[in-house]
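If you want the building blocks of each chain, they are given just below.
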Amino acid sequence: MPTIHEELDRRQLLYSLLMPVMNLYVPGLDKGKGLYFLFVKAETKTPGGLLARPVLTSYYNSDHFKTRPYDPFNVYTSPNEAILCVDSFQSMYAQMLCGLIMRNEVLRVGAVFASGLLRAIHFLQNNWKQLAHDIATGTLNPKITDAPVRECMRKILKPNPELAQFVTMECYEENWECIIKRIWPRTKYLDVIVTGAMAQYIPTLEYYSGGLPMACTMYASSECYFGLNLNPMCKPSEVTYTIMPNMAYFEFLPHGSSTSCLVDLADVEVGKEYELILTTYAGLCRYRVGDILRVTGFHNAAPQFRFIRRKNVLLSIESDKTDEAELQNAIENASLLLKEFNTSVVEYTSYADTKQIPGHYVIYWELLVKDSANAPTDDVLNRCCLQMEESLNSVYRQSRVADNSIGPLEIRVVENGTFEELMDYAISRGASINQYKVPRCVSFTPIMELLNSRVVSKHFSPDLPHWTPERRR
Ligand code: AMP
């Protein structure tokens with residue numbers, strides 16, 4: 001996405017409105033700190049030599065963020081050095097350690113997306129022993145080698161056996177219900193986006209937080225920041241975002257209608273769904289973001305939108321977005337490995353499994369094995385998983401390789417006839433036989449139960465796919 005320097009000012013303006021809005025609903029946020037898990041990713045160069053990096057990496061590396069003036073409403077437990085460390089393990093470790101050390105000051109806990117906060121909790125599950133050891137002794141884990149992080153942690157970390165004992169007591173138990181409230185007892189709300197694809201994480205977050213409110217404060221993208229939620233303490237299902245007209249020129253393509261006439265921001269109608277179209281200061285012209293929004297009302301004259309879904313995205317665990325064409329392509333590439341076994345993929349569907357952290361893609365395959373004496377081996381099917389991963393986009397592979405935020409892809413082979421049963425089920429619920437299409441992604445419980453009850457074997461990617469910062473596709 002093209003961007004220009006002045007865009008940062010515009011984005012900063014949106015950020016600067018978040019706390020004044022929050023203060024209308026939650027008092028006393030200047031009496032403590034925010035525990036936010038924020039990360040940067042590696043920078044790359046485009047073939048033409050331009051710097052390329054994710055939008056948040058640009059923002060955290062900017063002076064707007066790094067040299068921000070002191071603001072009692074925006075004090076974070078994480079030092080800049082920890083946020084700006086590109087090694088995701090070291091960054092997370094230092095941020096978690098600071099969060100534990102300052103546990104009694106924390107008033108809100110957050111990450112950009114819900115998936116990021118769950119990753120942090122999972123990290124604590126895996127690393128609490130070492131963290132408690134560091135707190136007890138006042139020495140930093142030798143795996144933290146980044147010099148600026150070590151230097152800043154030297155000032156923060158002091159031996160505190162009492163705190164180490166507390167962390168051990170809380171984390172030692174099997175039961176992690178309410179862990180956020182137990183460790184950070186003054187937390188008033190979670191600051192995470194749980195709308196759109198992130199809604200899948202709400203039940204898990206409720207479990208870990210003991211039902212703390214979840215605030216979805218803003219709606220933004222790499223292309224442009226769009227707007228904010230003027231009622232951030234509302235329920236996730238009621239979140240609406242008010243688009244700020246100064247961020248870009250916004251137009252709306254009526255969704256599901258044959259007209260291709262664009263509607264201006266001021267002219268959208270309540271109850272209708274639109275696809276968001278942008279013309280940005282950085283040079284995108286009538287660009288289709290791919291988001292479908294529904295108008296729910298107005299704030300003064302500014303329309304408010306509910307995020308309905310992203311067009312064409314089948315699978316998403318965190319910032320990855322895999323569409324139908326990509327999944328199809330990945331299946332085709334993987335099924336080439338089955339050729340020598342005279343086997344083909346007759347049908348497939350997929351599921352984003354986020355029950356465990358990190359979440360992973362599950363692909364259900366119905367196979368046609370023409371020669372059962374020469375059926376594909378376990379090893380080949382494992383390699384099919386890896387081949388699919390190699391075919392997916394670079395954001396997926398980066399999440400797998402650099403961030404470990406997506407787990408190994410899984411193929412579940414189902415019995416022959418399973419997809420026909422799936423169709424029978426859909427027809428029994430009113431689908432048309434003529435127009436029936438195999439859903440390429442599933443999540444409806446009865447369908448999941450049907451598929452899972454027919455699984456004959458499970459296979460996982462045995463290795464990491466290729467990804468390097470230089471190799472962008
Ligand atoms: P990216 O450019 O990778 O950061 O992704 C931007 C996309 O993430 C948007 O176009 C939306 O599809 C989604 N997104 C961002 N903010 C929200 C939000 N508050 N609620 C739902 N989806 C969001």
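Residues numbered from 1 in each chain as written. Predicted model: local features only at pLDDT ≥ 70, side-chain atom pairs only at ≥ 80, totals over all residues. Heavy atoms only, no water.

**Q** Help me get a handle on the packing of helix H6 (residues 114-137) against helix H8 (residues 161-172), residues and values and all.
**A** With their axes 8 Å apart at the nearest point, H6 and H8 run at an angle of 165 degrees to one another. As judged from the angle between their axes, H6 and H8 are roughly antiparallel. Considering only the axes of H6 and H8, their crossing is left-handed. Judged by residue contacts, Leu-124, Trp-128, Ala-132, Ile-135 and Ala-136 of H6 engage Pro-161, Leu-163, Ala-164, Val-167, Thr-168, Cys-171 and Tyr-172 from H8. When grouped by side-chain class, the residues that make up the contact of H6 with H8 number eleven nonpolar, one polar and no charged. (Axes fitted to C-alpha atoms, helices over the stretch in contact; angles between N-to-C directions. Helix = DSSP H or I, 4+ residues; strand = E, 2+ residues; numbered from the N terminus. Parallel < 35°, antiparallel > 145°, perpendicular 65-115°, else oblique. Left-handed = near helix turned anticlockwise from the far one by under 90°. Contact = heavy atoms within 4.5 Å. Nonpolar A, V, L, I, M, F, W, Y, C, P; charged D, E, K, R; others polar.)

**Q** Now, about the pairing of strand S17 (residues 343-353): what can you tell me, with residues and values included?
**A** Moving residue by residue along a regular strand, the side chains alternate between the two faces of the sheet. Taken across its eleven residues, S17 has eight buried, putting it largely inside the fold. Where S17 and strand S18 (residues 360-369) come together, ten bridges link them in antiparallel fashion. Following the sheet pairing, Thr-349 is matched in S18 by Tyr-364. Counting the residues in the hairpin turn of S17 and S18 gives six residues. (Buried < 20%, exposed > 50% of the residue type's maximum accessible area, 1.4 Å probe, protein only. Pairing = 2+ DSSP bridges.)

**Q** An account of empty space enclosed by the protein is requested, with residue identities and associated values reported.
**A** A complete count under the given rule lists two cavities of 30 Å³ or more for this structure. Roughly 60 Å³ of internal volume is contained in the largest cavity. The wall of the largest cavity is formed by Ser-115, Leu-118, Arg-119, Tyr-201, Ile-317, Thr-354, Gln-356, Ile-357, Pro-358, Gly-359 and Ser-405. Of the residues that constitute the lining of the largest cavity, the class distribution is five nonpolar, five polar and one charged. What the second largest cavity holds in volume is close to 50 Å³. (1 Å grid on protein atoms, 1.4 Å probe; cavity = no way out; pocket = protein on both sides within 12 Å on 5 of 7 lines; lining within 4 Å. Points joined across faces, edges and corners; volume = space filled by probe spheres on them.)

**Q** If you had to explain the UniProt feature "domain: GH3 C-terminal" (unreviewed entry) in the chain to someone new, which residues and values would you point to?
**A** UniProt's feature table lists "domain: GH3 C-terminal" (unreviewed entry) at residues 326-444, given in the numbering used throughout. Spanning residues 326-444, this segment combines 36% helix with 22% strand, and its end C-alpha atoms are found 22 Å apart. (UniProt positions renumbered as here; feature names shortened; annotations may be inferred.)

**Q** Describe the nonpolar core, listing the residues and the values that go with them.
**A** Counting residues in hydrophobic clusters, the biggest one holds 125 residues, and the most contacted among them are Leu-124, Trp-184, Phe-250, Phe-252, Trp-365 and Met-388. Take this core: its biggest share by element is eleven residues, from H6. Leave out the neighbours within four places in its chain, and Trp-184 touches Leu-35, Met-96, Gly-99, Leu-100, Arg-103, Val-106, Val-109 and Leu-124. (Core = buried A, V, L, I, M, F, W, Y, C linked by side-chain atoms within 4.5 Å.)

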